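# Chains, contacts and geometry: an overview
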Amino acid sequence: MQTKPTKTVISFPLMTGLVLLAQWSLLPATLPWLGTISILICTMLALVYGRYRWHKAEETRRAALVEAIEQGSAAQLVPSPEQQALQRLLERQHQELARLHHKLDELTRSSQQDPLTQLANRQCFRRDITHLLQEEGTRTAILVLIRATALESVNRQRGFLSGDHYLKEVTTLIQRAALRWPAHRLYRISGSDFAVLIHDIHNLPLPLIGRDLKLTFDLHQQGQPLASVACSGITPVCSQQPIEAILSRADLALARAQTGELNGWSIQLEDDHEHGLGEQQWRQVIERILEQERITLSYQPIARLHGNRLAYYSVYPGFYGEDESILAADSLFAMAQRLDLLMRLTQLVIRHLMREHKTLGAEQSRWGIALSPHLLHNSAFLIWLEYQLVTDPDTAAHLVFELDEESLSRQRAGARRLFELLRRCGSRSAICNFGQGIRSFSLFQEIKPDYLKLDPALLLDLEQDGTNQQFVRMIVEMAHRMGSQVIAEGVEQSSQRALLESLYVDGLQGHLIAHPSATPTMPVH
């Protein structure tokens, strides 16, 4: 709003004086009282008029200020100190608003972005696919679910830093394979799962997507010590379809890919209304593994730092299908538990482990195998395990059974029963991922394991974290007083090794020490 130029206005005191003077000059000399009254009336009128003009000017000024504030600029006001102060205030307000908008944009992006891979996250995926399905007309797309099948084993054998690096590599591999595809967006929707939503799918064969991914994963695996890289499930998407049906098809395709060839892929074109078809396929695969004993073992040595104790190997079971392709062990155990086949699969692993220990003549080493916490309250399994160990005491004396601290904390009665059984049979016990808090000490004193395997999270920034160093020192001192040994898992750096040795940790396990191999290597000193 442009303020009009003001006219020359006589000041209020001067105007009042002139009015009084004019009135006084017109009064007759014979009527002085009338002159006095006239002067008083004129004075009152002048005062009222002056007050009115002052209020009008104040209202105009306030309206101009309000309009300037609403427009965010005081440039249209009459230059004055007040106008300059208001302009500076508005400029500061603009800067603060810009800063807040930038911060809000950053928070919005971070809430929709995976911090590790910098990909869009699950929330963003759900929003995009919902928007696609709700569009009017016929819109088509392709959904690809990709699972990083080696994540859990990499985290367990090499540590979380290697697991994060592996996920970043998988992200890069997917992006590289997707260069040939039309408009698409890549998401990380869970710990090991990725999704790709491909738009504009004209003349894009679905098998081409699977072959691109498999070729990329196979080439990468040639230079990596991985049993597998990832597998893919592919399904078409059409607007107006239920999102649950689409995700179910993609999940079924992914399940088939996991039970097929290495780094494989599978396509599910239509809804399959036969309930549990994916589970039936898994059941068939697991049943064949049990019947034909399609199992292999890999061994990761633990470096001994102090003393001349027996060598200790962590043993990892692997399974392979009819085409000799390696299956993801973590997925296999998860489905076996779901299908009530976990006990039989674990029995197969333990029988094979004891047989291999005899065959290889490994009397000078101990072999450690992880047990599922779901078996802690399985009486049939515990009776079977005790019979196996009592029947072969020589082999039993060289076996170490490992369980996760968190699972043992939630099932203390079952933990005490199992650990007492192992002591009676002459076998050893170990708590993995130990050191998650003060409650860890209570659990240790209650079940008294032979080995404590430190949580790899304790090793992150251990050199700079004095609190974690003190915590590890407390664990080592307590364990040694109780006759237990402490092993650090996930050792990846030489600096970690030197520091852990100074803390009197008994053994080291991780990528820095050795990779899992098909045969037990010589003990590492």
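Before going into details, it helps to say that this report is about the structure given with it.

## Examining the overall build of the chain
- Of the regular secondary structure elements, the chain holds 18 helices and 15 strands.
- Within the chain, the fraction of its 525 residues that count as buried is 47%.
- Within the chain, counting contacts between residues at least 6 apart in sequence, those at least 24 apart form 67% of the total.
- Of the accessible surface of the chain, which amounts to about 27,400 Å², a share of 55% is contributed by carbon and sulfur atoms.

## Section: the packing of aromatic side chains
- If you walk through the whole model with that rule in mind, you get seven aromatic pairs.
- When the ring of Phe319 is compared with that of Phe333, the centres are 5.7 Å apart and the planes differ by 70°; the resulting orientation is edge-to-face. On the criterion of sequence distance, the pair formed by Phe319 in strand β8 (residues 311-320) and Phe333 in helix α10 (residues 329-338) is long-range, its members being 14 residues apart.
- For Phe319, a relative accessible area of 0% translates into the label buried.

## Concerning the nonpolar core
- Counting residues in each nonpolar core, the largest one holds 76 residues, and the members touching the most others are Leu332, Leu385, Leu389, Phe401, Leu408, Leu418 and Leu508.
- The greatest single-element share of this core, amounting to seven residues, is contributed by helix α11 (residues 342-359).
- Once you skip the residues sitting within four places of it in the chain, Phe401 turns out to touch Ile350, Ile369, Leu371, Leu385, Leu389, Leu422, Ser427, Arg428, Ser429 and Ala430.

## Examining the pattern of salt bridges
- For the coordinates displayed, the defined rule picks out 16 salt bridges.
- The residue Arg344 makes a salt bridge to Glu287 at a minimum N-O spacing of 3.4 Å. Of this pair, Arg344 sits in helix α11 while Glu287 sits in helix α9 (residues 277-292); the two residues are 57 residues apart in sequence, bridging distant segments of the chain.
- You can call Arg344 partly exposed: its relative accessible area is 37%.
- Ionic pairing is found between Glu489 and Lys453, a salt bridge with its closest N-O pair at 3.8 Å. In this pair, Glu489 is assigned in the loop between β14 (485-488) and α18 (494-502) and Lys453 in strand β13 (residues 451-454), connecting sequence segments 36 residues apart.

## A few points about the sheet that holds strand β5 (residues 265-267)
- In space, the five strands of this open sheet follow the order β2-β3-β1-β4-β5, with mixed pairing throughout. Two strands close off the open sheet at either side, each with one partner strand: β2 (184-188) and β5. Pairwise comparison of adjacent strand axes, ignoring direction, gives a mean angle of 20° for this sheet.
- Two elements, strand β1 (residues 140-147) and strand β3 (residues 193-198), share six bridges in a ladder whose sense is antiparallel. Along β3, the bridge assignment pairs Arg147 with Asp193.
- Together, β1, β2, β3 and β4 (231-238) form the strand contacts of helix α4 (residues 122-134), whose direction differs from that of β2 by roughly 140°.
- Contacts from helix α8 (residues 243-258) reach β1, β4 and β5, with the element oriented near 155° to β4.

## Here's the deal with the environment of Tyr451
- Relative to the helices and strands, Tyr451 is located in strand β13.
- The exposure class assigned to Tyr451 is buried, which follows from its relative accessible area of 3%.
- Distance in space between the C-alpha atoms of Tyr451 and Ile431 is 6.5 Å, their sequence separation being 20 residues.
- With residues up to four places along the chain from it excluded, the contact list for Tyr451 reads Tyr312, Arg366, Val400, Arg428, Ser429, Ala430, Ile431, Gln485 and Ile487.
- In this structure the side chain of Tyr451 is engaged in a polar contact, spanning 3.0 Å, whose partner is the side chain of Arg366.

## Topic: a nonpolar patch on the surface
- There is a patch of nonpolar side chains on the surface, built from Ile37, Ile41 and Leu45 and spanning about 290 Å² of accessible area.
- Note that Leu45 resides in helix α2 (residues 32-71).
- For Leu45, a relative accessible area of 55% gives the class exposed.

## Let's talk about the pairing of β2
- Pairing of β2 with β3 involves five bridges; the strand directions are antiparallel. Its bridge partner lying in β3, Tyr187 is registered against Ala195.
- Counting the residues between successive antiparallel strands, the hairpin from β2 to β3 contains four residues.

## A short note on helix α7 (residues 206-221)
- The end-to-end C-alpha distance of α7 is 23 Å, a good match for the 22 Å that 16 residues give at a rise of 1.5 Å each.
- Taken residue by residue, α7 has Leu206, Ile209, Gly210, Asp212, Leu213, Lys214, Thr216, Phe217, His220 and Gln221 as its buried positions.
- For α7, the secondary structure elements touched by its buried residues are β1, α6 (160-177), β3, β4 and β5.

About the thresholds
Residues numbered from 1 in each chain as written. Predicted model: local features only at pLDDT ≥ 70, side-chain atom pairs only at ≥ 80, totals over all residues. Heavy atoms only, no water. Helix = DSSP H or I, 4+ residues; strand = E, 2+ residues; numbered from the N terminus. Buried < 20%, exposed > 50% of the residue type's maximum accessible area, 1.4 Å probe, protein only. Contact = heavy atoms within 4.5 Å. Areas by Shrake-Rupley, 256 points an atom, 1.4 Å probe, with all protein chains shown as cover. Phe/Tyr/Trp six-rings, centres within 6.5 Å; stacked < 30°, edge-to-face > 60°. Core = buried A, V, L, I, M, F, W, Y, C linked by side-chain atoms within 4.5 Å. Salt bridge = Lys/Arg side-chain N within 4 Å of Asp/Glu carboxyl O. Pairing = 2+ DSSP bridges. Axes fitted to C-alpha atoms, helices over the stretch in contact; angles between N-to-C directions. Polar contact = N/O pair within 3.5 Å; in protein donor to acceptor, adjacent residues only side chain to side chain. Patch = residues over 30% accessible without salt bridge, like charges linked within 9 Å, V, L, I, M, F, W, Y side chains within 5 Å. Expected span 1.5 Å × (residues − 1).

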